[in-house]
Every structure is written in structure tokens, then in C-alpha cells.
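So the chains spell out like this:
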Amino acid sequence: LTKAYCGAAAALVANLFMYPNDTLRRRLQMQGAGGGVALSAPQVALFLMRSEGPAAFYRGVGATLLRAVPSTGIQFGAYELAKSIGRGVSAGQA
């Protein structure tokens, strides 16, 4: 169970750290849909900061965390459980 909690915590930290980059990536991808002038990544980041504020970089992070944190925790826990079961089977303990 400890590994599951560690996996969930890792997902939380990773998503909080990388979410602004994903927001910037999505904004850059959406530029092409509008047909306007294409801006560079630093220009988009500056525009986003000035027009919507720093919170804009984390808009929607709650939904991402609700998906990623539990699923990563379950994945880590299930992997460790399967690994321990596999060790028992290979050692003839099952």
C-alpha cells in the first residue's frame, strides 16, 4: 500500500510541475485553428500571463489530478502486488 501512496504522490507532483507546460502546448496548438498570426512559446506565455494572470496556467488542473493521481496510485499498487505474487509463484510458495 505504501507504493500506491508513493505513486499517487509522484503523479500529484509531476502533474503540478508539468501542467503549465501542457497549458502552453495546448495554446500553441490552438493558434493554428484560428488562422491568425502564429506566436512563439515565450510570446504565448507572456500573453497568457498578462491577459489572464498566472492562474491561467493551472486552469483545469483539478480534472487532471482527479484522473491521474488515483490511476497512478492503483497502477503502482497493482504492479507491486503482482510482483510479490510472482515472486511467491517462482519460489514455489503458491
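Here, every reference points to the structure presented above.
Note on numbering: residues in each chain are counted from 1, in written sequence order. Confidence filtering applies because this is a predicted model: local features only for residues at pLDDT of at least 70, side-chain atom pairs given and counted only at 80 or more, and all residues used for totals across whole chains, interfaces and linings. Side-chain measures here rest on the full set of heavy atoms in the structure, leaving out hydrogens and waters.

Asker: How should I be thinking about the packing of aromatic side chains in this particular structure?
Answerer: Each aromatic ring pair is described using two quantities: the centre-to-centre distance and the angle formed by the ring planes. To pair, rings of Phe, Tyr and Trp, with the six-membered ring standing in for Trp, must have centres within 6.5 Å; the planes then decide the type, stacked if under 30 degrees apart, edge-to-face if over 60, and tilted in the middle. Tallying each qualifying case throughout the model produces one aromatic pair. A centroid spacing of 6.5 Å and a plane angle of 20° characterise the contact between Y19 and Y58, whose relative ring orientation is stacked. On the criterion of sequence distance, the pair formed by Y19 in helix α1 (residues 2-34) and Y58 in the loop between α2 (41-52) and α3 (61-90) is long-range, its members being 39 residues apart. Relative accessibility thresholds used throughout: buried, under 20% of the residue-type maximum; exposed, over 50%; partly exposed, between the two (1.4 Å probe, protein chains only). Residue classification places Y19 among the buried residues on the basis of a relative accessible area of 5%. Runs of H or I in DSSP of at least four residues are treated as helices and runs of E of at least two as strands, each being numbered from the N terminus.

Asker: Sorry, what's going on with α2 here?
Answerer: Given 3.6 residues per helical turn, the α-helix brings residues three or four places apart onto the same face. Taking 1.5 Å of rise per residue, the twelve residues of α2 would be expected to cover 16 Å, and the 16 Å separating its terminal C-alpha atoms lies within 8% of that figure. A positive backbone phi angle near 85° is found at G53, which sits one or two residues after α2. Expected span of a helix, by definition, is 1.5 Å for each gap between consecutive residues, and there is one gap fewer than residues.

Asker: How should the pattern of salt bridges be read in this particular structure?
Answerer: Pairing of side chains with opposite charge becomes possible as their charged atoms draw close. Salt-bridge detection follows one rule: a side-chain nitrogen of Lys or Arg within 4 Å of a carboxyl oxygen of Asp or Glu. Under the criterion given, the structure shown has four salt bridges. Residues R25 and D22 are paired through a salt bridge, measuring 3.8 Å at the closest nitrogen-oxygen approach. On the criterion of helical spacing, the pair formed by R25 and D22 is a turn pair, its members being three residues apart in helix α1. On the basis of relative accessible area, R25 is assigned to the partly exposed category, the value being 39%. For E80, the salt bridge goes to K83, with nearest N and O atoms at 3.5 Å. Of the two residues, E80 and K83 both sit in helix α3, three residues apart, roughly one turn of that helix. A residue is classified by how much of its surface remains accessible, and E80, at 22% relative accessible area, is partly exposed.

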